[in-house]
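Each chain, letter by letter, is given below.
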Amino acid sequence: MNDDVRNIALGVIAAGVSAALGWLARTYLWKRKLRRKQAFFGLPDNSESLLVVNREAGGAELSVMRHDVFALLELAALIKDCNAHAQVVGHDTARQGFGERTEFCVGGPSSNRRMLAHLSSLLPGVRVNIGTEPGPDRGAFQIGDERYRMEPGGTEYVLLARLTMGQRRDERPVFLFCGQSAITNQAATRYLARNHERLARKHGNGSFALLLKVVNSQAYGPDVVELVADVTRAAQAPLPEPSPAPRTSHRAS
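None of the values given here were measured: they were computed from a predicted structure. (Residues numbered from 1 in each chain as written. Predicted model: local features only at pLDDT ≥ 70, side-chain atom pairs only at ≥ 80, totals over all residues. Heavy atoms only, no water.)

Caption draft 1: Representation of the overall build of the protein in the model. Within the protein, the regular secondary structure consists of six helices and eleven strands. Taking as baseline every contact in the protein between residues at least 6 positions apart, the subset at least 24 positions apart corresponds to 68%. By element, 53% of the accessible surface of the protein is carried by carbon and sulfur atoms, the whole surface being about 13600 Å². (Helix = DSSP H or I, 4+ residues; strand = E, 2+ residues; numbered from the N terminus. Contact = heavy atoms within 4.5 Å. Areas by Shrake-Rupley, 256 points an atom, 1.4 Å probe, with all protein chains shown as cover.)

What follows is the structure in structure tokens.
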């Protein structure tokens, strides 16, 4: 009887130790995953971040389009997962430098002055046609020698970038979601939410700029997204003087 009790007790103890070790291992792995996520987004516990919102093109100040609201919700969920906080500011009131707080800047330069400033200073190799005249080049991206034209509802492009100046170890990144339409901004935030672990493995906590293509958004919304190219080098290199005919023009096939 004593041997049976001893065996039962040893079994209970062994099960308890195994459960405790399993819980500790899962907790360690969860915390390591969280720390990596926080490092990639520059969002340690209880840190502050900025959500810079644009306005609807041609609309009133801070008249944010529906898909841009959805993009902000995607980002808010990421920030909350990192145990951080977000402050929403208008594109024309975010008068400060970068590097102190992580910034998520949403919207093309035609509706977001902050985006226009970031492109000029951080990605001089990118030009966006913000003219209002109708034509095939309206809203087109030029990155280096390549031009990317949009076909509304069919093929649309968005630039997703993580940028730092690299001057301080504790510098916070700036994330840009610069799309040819509001739905492409949402597509880029969703792409980041789904692929941030892979992006962190590939790029570490450094700068990158990716060109994404949103396919048939009128049927599939922001869900069908293809990676066109890593355009970091071309986007960071200053463009030459504008020429009437870039080497390559991309349109929907």
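Caption draft 2: Focus on the pattern of salt bridges. Under the counting rule described, the total for this entry stands at ten salt bridges. With its nearest N and O atoms 3.4 Å apart, the salt bridge here joins Glu-197 to Lys-33. Taken together, the residues span a long stretch of sequence, with Glu-197 in helix α4 (residues 182–203) and Lys-33 in helix α1 (residues 2–41) at a distance of 164 residues. On the basis of relative accessible area, Glu-197 is assigned to the partly exposed category, the value being 35%. Close ionic contact of Asp-137 with Arg-149 constitutes a salt bridge, the shortest N to O distance being 2.4 Å. With Asp-137 in the loop between β4 (126–128) and β5 (141–143) and Arg-149 in the loop between β6 (146–148) and β7 (155–163), this pair connects stretches of sequence that are twelve residues apart. Connected through shared salt-bridge partners, Glu-74, Arg-190, Arg-194 and Asp-223 make up one network. (Salt bridge = Lys/Arg side-chain N within 4 Å of Asp/Glu carboxyl O. Buried < 20%, exposed > 50% of the residue type's maximum accessible area, 1.4 Å probe, protein only.)

Caption draft 3: Structural context of the pairing of strand β1 (residues 48–53). Here β1 lies mainly inside the structure; five of its six residues are buried. Across six bridges, β1 lies against strand β2 (residues 85–90) in parallel orientation. Bridge pairing in β2 links Leu-50 to Gln-87. (Pairing = 2+ DSSP bridges.)

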